[in-house]
Amino acid sequence: MESLFTGLIGAIVGVIFGHYMTVRLVNKKTSLQEQAFYFELEILLDKYKKDLVHKLDDFNNPVKSRYIIGAPVVDMSLINALSIELAGTDKVLNKEIRTLIIHTTKFAENLADTAKKREKFNEADAQNTKEFLKLTKQMLTDEVQLVFYLYKLVNDRNNFRFGGYSYLEMANVACDVADVAFDNQVWQVIMPSGS
């Protein structure tokens, strides 16, 4: 009888310990997935803040011998996969974060399309400074929003909110993040009216 009781106690302790270790492992995995999600966003932020500096220089000095024509190439597959993984945990992404991820994909596509159009106006036989500047402004508007919102998300995480900011507020923060001086007059020309 004593061995039966000892065996039963051992089984109960084993089940409790196994459950504890499983929960611990799941929590660690979830934490690592969340960390990887934010690392990916930081990588995107770094790409766009560097490109913002180049595009602002192109706007301020539209006639020069060399431009960085393209836009950063963005692969959202890992971010989307991590979003799906987090959806099955207690770290599920809120609506505001999901909205930003959808907008980030759209902004990235718009930037790539605009970069292709802009490149045509910079070829030696088809230079058109007015169109080049118009497209550069469009790219800057998109990149300012990307830098601003990615920065806010990386820093605010679950307290992040999408929308409710003026273009000039976003430009001011984006310039600070990209470590360039904010000139209100320049950004009033760049950003859409009503900002």
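Residues numbered from 1 in each chain as written. Predicted model: local features only at pLDDT ≥ 70, side-chain atom pairs only at ≥ 80, totals over all residues. Heavy atoms only, no water.

Undergrad: How should the side chain of Q145 be read in this particular structure?
TA: With respect to the helices, strands and loops of the structure, Q145 is situated in helix α4 (residues 129-156). The exposure class assigned to Q145 is buried, which follows from its relative accessible area of 11%. In this structure, Q145 is in contact with F107, Y167 and M170, ignoring residues within four places of it in sequence. (Helix = DSSP H or I, 4+ residues; strand = E, 2+ residues; numbered from the N terminus. Buried < 20%, exposed > 50% of the residue type's maximum accessible area, 1.4 Å probe, protein only. Contact = heavy atoms within 4.5 Å.)

Undergrad: Just checking my understanding: could you explain the nonpolar core for this structure?
TA: One broad rule of soluble globular proteins: the nonpolar side chains tend to lie buried together. Counting residues in hydrophobic clusters, the biggest one holds 43 residues, and the most contacted among them are F37, L41, L52, I97, V144 and W187. Taken together, the elements giving at least two residues each to this core come down to α1 (2-60), α2 (77-87), α3 (95-120), α4, α5 (167-178) and α6 (184-190). Among the elements that make up this core, the one with the highest residue count is α4 (ten residues). Not counting chain neighbours up to four residues away, the residues in contact with W187 comprise L52, L56, L140, V144, L168, A171, C175 and F182. (Core = buried A, V, L, I, M, F, W, Y, C linked by side-chain atoms within 4.5 Å.)

Undergrad: Help me out: how do you make sense of the packing of aromatic side chains in this one?
TA: To describe a pair of aromatic rings, you give the distance between the ring centres and the angle between the ring planes. On inspection of all chains with the given rule, the structure shows six aromatic pairs. Centroid distance Y149 to Y165: 6.1 Å. Interplanar angle 65°. Geometry classified as edge-to-face. With Y149 in helix α4 and Y165 in the loop between α4 and α5, the pair connects residues that are 16 residues apart, well separated along the chain. Classification of Y165 by relative accessible area gives buried; the value is 19%. If you follow R157 out to its NZ or CZ, it ends over the ring of Y38, 3.9 Å from the centre. (Phe/Tyr/Trp six-rings, centres within 6.5 Å; stacked < 30°, edge-to-face > 60°. Lys NZ or Arg CZ within 6 Å of the ring centre and 35° of its normal.)

Undergrad: Help me out: how do you make sense of the pattern of salt bridges in this one?
TA: Where charged atoms from two side chains of opposite charge approach closely, those side chains can pair. Under the definition given, this model contains five salt bridges. Across the pair E34 and K91 runs a salt bridge whose closest N-O atoms are separated by 3.6 Å. Of the two residues, E34 is situated in helix α1 and K91 in the loop between α2 and α3; the sequence distance between them amounts to 57 residues. On the accessibility criterion, E34 (14% relative accessible area) is buried. Residue class for K91 comes out partly exposed when judged on its relative accessible area of 33%. Here K55 makes a salt bridge to D51, at a shortest N to O gap of 3.0 Å. One end of the pair is K55 and the other is D51, both in helix α1 and four residues apart, which spans about a single turn. Each member of the pair, K55 as well as D51, carries the same accessibility label: buried. (Salt bridge = Lys/Arg side-chain N within 4 Å of Asp/Glu carboxyl O.)

Undergrad: How do you make sense of the packing of α4 against α5 when you look at a structure like this?
TA: The interhelical angle for the contact between α4 and α5, taken along N-to-C directions, is 70°, at an axis separation of 8 Å. With respect to α5, the axis of α4 lies roughly perpendicular. Contacts from T141, V144, Q145, V147, F148, Y149 and Y151 in α4 reach Y167, E169, M170, A171, V173, A174 and V177 in α5. By residue class, the composition of the contact of α4 with α5 is eleven nonpolar, two polar and one charged. (Axes fitted to C-alpha atoms, helices over the stretch in contact; angles between N-to-C directions. Parallel < 35°, antiparallel > 145°, perpendicular 65-115°, else oblique. Nonpolar A, V, L, I, M, F, W, Y, C, P; charged D, E, K, R; others polar.)

Undergrad: Any chance you could explain the confidence of the model for the protein here in plain terms?
TA: Caution applies to low-pLDDT parts of the model: their predicted coordinates are not meant to be read in detail. Per-residue confidence for the protein gives a mean pLDDT of 83, with 89% of residues at or over 70. Element-level mean pLDDT values for the protein span from 81 in α1 up to 94 in α5. (pLDDT = per-residue confidence, 0-100.)

Undergrad: Honestly, the packing of α3 against α4 in this entry has me stumped. Any pointers?
TA: Geometrically, a packed helix pair is captured by the angle between its two axes and the distance between the axes. Interaxial distance between α3 and α4 falls to 10 Å at its minimum, and their mutual angle equals 155°. Considering their axes alone, α3 and α4 lie roughly antiparallel with respect to each other. α3 and α4 meet at a crossing whose hand is left-handed. Here I97, L100, T104, F107, N110, L111, T114, A115, K117 and R118 of α3 come into contact with α4, specifically with F132, L135, T136, Q138, M139, D142, E143, Q145, L146, Y149, L150 and L153. Here the residues of the contact of α3 with α4 are counted per class, giving twelve nonpolar, six polar and four charged. (Left-handed = near helix turned anticlockwise from the far one by under 90°.)

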